[in-house]
Amino acid sequence: MGKGKKVAMIAGIVVVALIVAAGVALAVYVDNNRHGEERDLERAFAAGFTEKQLEVAVEAPAVAEQAAAENDAAAAQSGAEAVDDGQRTPRTAVINYAEGPDNGPALLLVHGQSTEWEDYARALPDLAQRYHVFAVDCFGHGESTHDPALYSLAAQGAALQAFAAQAIGGSYTVTGQSSGGIVAAWLAANDAENVTACLLEDPPFFRVTPEEMQQAPGCFVWEDGFTVTHAFLNQDEVDDYAVYYAQHSYLFGLFGGLQPKIAEWTAEERAANPDGHLVVSWVPHDWVRGMYFFDDFDVWFSEAFYTGSFFDGVDQADILSRITCPTVYLKANTRYGEDGLLYAANSDEDAARVEKLVATCQTVRIDSGHDIHYERPKTFADAVDRAASVASAK
């Protein structure tokens, strides 16, 4: 074989090898985007978790029940605000949850808005080695009851207190992420006899009511979440929230010309798999993960934050001041966008108020995004251990 032919053959082999390697890399990339979280969940089930449901007695304002029965749409779209007349209507509701093996003290996990208990899947196998874990779906999420009459902190907190009494039946550590952290704080304040320790995972205290979120410099979740949801509920051109969100997301707008493609791919995926969690093959999963659980999310839950009704009858400072158990506060980095918008659950000043109000509070500041237990599961588990160890040492 001549020298020239040999060089050409080698070059051809190299080109083929590069093409194969690129194809393999692309296949791995797409597979991880589409199935990475499924594998996390499989590992959780392999660690001994089972999914269950429990009925609990709940009470809701009579006016909220009437609005829910009328589909809530007309009242919400007219801008009318229901007034709580103080009357409560008893009912039962379903709480869906995953329970792990009984390997230690009870640990209750409360997810953040627009996710569900599966959001903790990556952290569950580790936690299951030393805790008896209960991970719940909040109302309006997952397989728990979807009923706008129950989309308030008081209703959700009381329901989880009843759940803990039935399913756990004794003392427990509670942790919650984002809005779930506010629910966890409610439990620590109102079920103090049973809550021995509390972990607050980046909750948006003092930056969560409509007035707080709109105060300068503005808040990411208001622009990317609640205003988008409110607009979706007040239009009739797009009937799929995931598609509407992809079209109007503040976050995706930062991606420049990629937003129309994300919206197009989202619509295609929803049409092909309307009952499944949402994945987009060609975009890094973590970029679009906020839409992953939209198939199981009732957007009227989000509307309760837009209107502020989620906090009817409760005061954030009062809740925090009544927490007496050892508390660890996980605070993700505070960042601001180029437009000055707050890219964090709350500001450093808001966090300082939390620290001051909680009697026994250890703050851990962490270089992470908002969903710490997903991004940094080992750090999250260490924080759970820290809260539990302080409680056991008392």
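Keep in mind the model is a prediction, meaning the values are calculated, not measured. (Residues numbered from 1 in each chain as written. Predicted model: local features only at pLDDT ≥ 70, side-chain atom pairs only at ≥ 80, totals over all residues. Heavy atoms only, no water.)

Explain the pattern of salt bridges here, please?
Pairs can form between side chains of opposite charge once their charged atoms are near each other. A full pass over the atoms with the stated rule returns 18 salt bridges. The partner of D40 in a salt bridge is R122, with the nearest N and O atoms 3.2 Å apart. Of this pair, D40 sits in helix α1 (residues 3-46) while R122 sits in the loop between β3 (106-110) and α4 (124-128), and the two are 82 residues apart along the sequence. For the salt bridge of D385 with R130, the shortest nitrogen-to-oxygen distance reads 3.0 Å. Here R130 lies in the loop between α4 and β4 (132-136) and D385 lies in helix α17 (residues 377-393), a separation of 255 residues in the sequence. Using a relative accessible area of 23% as the deciding quantity, one classes D385 as partly exposed. Given a relative accessible area of 26%, R130 falls into the partly exposed group. A single salt-bridge network, built from bridges that share partners, covers E37, D119, R289 and D371. (Salt bridge = Lys/Arg side-chain N within 4 Å of Asp/Glu carboxyl O. Helix = DSSP H or I, 4+ residues; strand = E, 2+ residues; numbered from the N terminus. Buried < 20%, exposed > 50% of the residue type's maximum accessible area, 1.4 Å probe, protein only.)

Please explain the environment of G308 as it appears in this structure.
Relative to the elements of secondary structure, G308 occurs in the loop between α13 (299-307) and α14 (316-321). Along the chain, G308 and V208 lie 100 residues apart, while their C-alpha atoms are 8.6 Å from each other.

Can you help me understand the packing of aromatic side chains in this one?
Any pair of aromatic rings gets described here by the distance separating the centres and the angle formed by the planes. Here the structure, examined in full by the defined rule, presents 29 aromatic pairs. Here F45 and W117 contribute two aromatic rings whose centre-to-centre distance is 5.9 Å and whose plane-to-plane angle is 80 degrees, an arrangement assigned as edge-to-face. Here W117 lies in the loop between β3 and α4 and F45 lies in helix α1, a separation of 72 residues in the sequence. Assessed through its relative accessible area of 36%, F45 is described here as partly exposed. By relative accessible area, which is 0% here, W117 ends up buried. Here the guanidinium or amino end of R122 rests over the ring plane of Y374, the centre of that ring lying 4.1 Å away. Positioned above the aromatic ring of Y374 is the side chain of R289, whose terminal nitrogen or guanidinium carbon lies 3.5 Å from the ring centre. (Phe/Tyr/Trp six-rings, centres within 6.5 Å; stacked < 30°, edge-to-face > 60°. Lys NZ or Arg CZ within 6 Å of the ring centre and 35° of its normal.)

I'm lost on the side chain of K331 in this one. Help?
With respect to the secondary-structure elements, K331 resides in strand β7 (residues 327-332). Within the local environment of K331, its side chain forms a polar contact with the side chain of T334, the two groups lying 2.7 Å apart. Leave out the neighbours within four places in its chain, and K331 touches D202, A344, N346, S347, D348, A351, T363, V364, R365 and I366. (Polar contact = N/O pair within 3.5 Å; in protein donor to acceptor, adjacent residues only side chain to side chain. Contact = heavy atoms within 4.5 Å.)

Honestly, the pairing of β4 in this entry has me stumped. Any pointers?
Remember that side chains alternate between the two faces of the sheet whenever the strand is regular. The buried fraction of β4 is high, at 5 of 5 residues. Along β4, one buried face is formed by H132, F134 and V136 and the opposite face, lined by V133 and A135, is buried too. Where β3 and β4 come together, 5 bridges link them in parallel fashion. Looking at β4, one finds that L109 is bridged to A135. (Pairing = 2+ DSSP bridges.)

I would appreciate a short explanation of helix α15 (residues 348-357) in the present structure.
Given 3.6 residues to a turn, an α-helix orients residues that are three or four positions apart in the same direction. Of the positions making up α15, those classed as buried are D350, A351 and V354. One face of α15 carries all of its buried residues, which in axial projection span an arc of 100 degrees. Across α15 from its buried face, at more than 90 degrees, point the exposed residues E349 and K356. Where the residues of α15 are buried, they touch β6 (195-201), α14, β7 and β8 (361-366). (Arc of directions from axis to C-beta.)

I tried to follow the pairing of strand β5 (residues 172-177) on my own but got confused; where do I start?
Of all 6 residues in β5, 6 are buried, a share of seventy percent or more. Here β5 shows a buried face lined by Y172, V174 and G176 and a second buried face lined by T173, T175 and Q177. Taken together, the 5 bridges between β3 and β5 define a ladder with parallel strand orientation. Bridging across to β5, L108 finds its partner in V174. In terms of strand pairing, β5 meets β6 through 6 bridges, oriented parallel. When the sheet's bridge partners are listed, T173 is paired in β6 with A197.

Which parts of the structure should I look at to understand the confidence of the model for the chain?
Detailed reading of the predicted coordinates is not advisable wherever pLDDT is low. Of the residues in the chain, 85% reach a pLDDT of 70 or more, and the chain-wide mean stands at 89. Predicted confidence is poor over residues 63-86, with pLDDT under 50, and the contacts of this stretch with residues over four places away or in other chains come to 23 contacts. (pLDDT = per-residue confidence, 0-100.)

I tried to follow the nonpolar core on my own but got confused; where do I start?
Looking at soluble globular proteins, one finds that nonpolar side chains tend to be buried together. By size, the foremost hydrophobic cluster in this structure holds 78 residues, and its most contacted members are L108, F163, Y172, V174 and L320. The element contributing the most residues to this core is helix α6 (residues 179-190), with 8 residues. Other than its neighbours up to four places away in sequence, F163 contacts L54, V56, I95, Y97, L108, F134, V136 and I168. Membership of the second largest hydrophobic core comes to 31 residues, among which are L107, Y120, A128 and A388. (Core = buried A, V, L, I, M, F, W, Y, C linked by side-chain atoms within 4.5 Å.)

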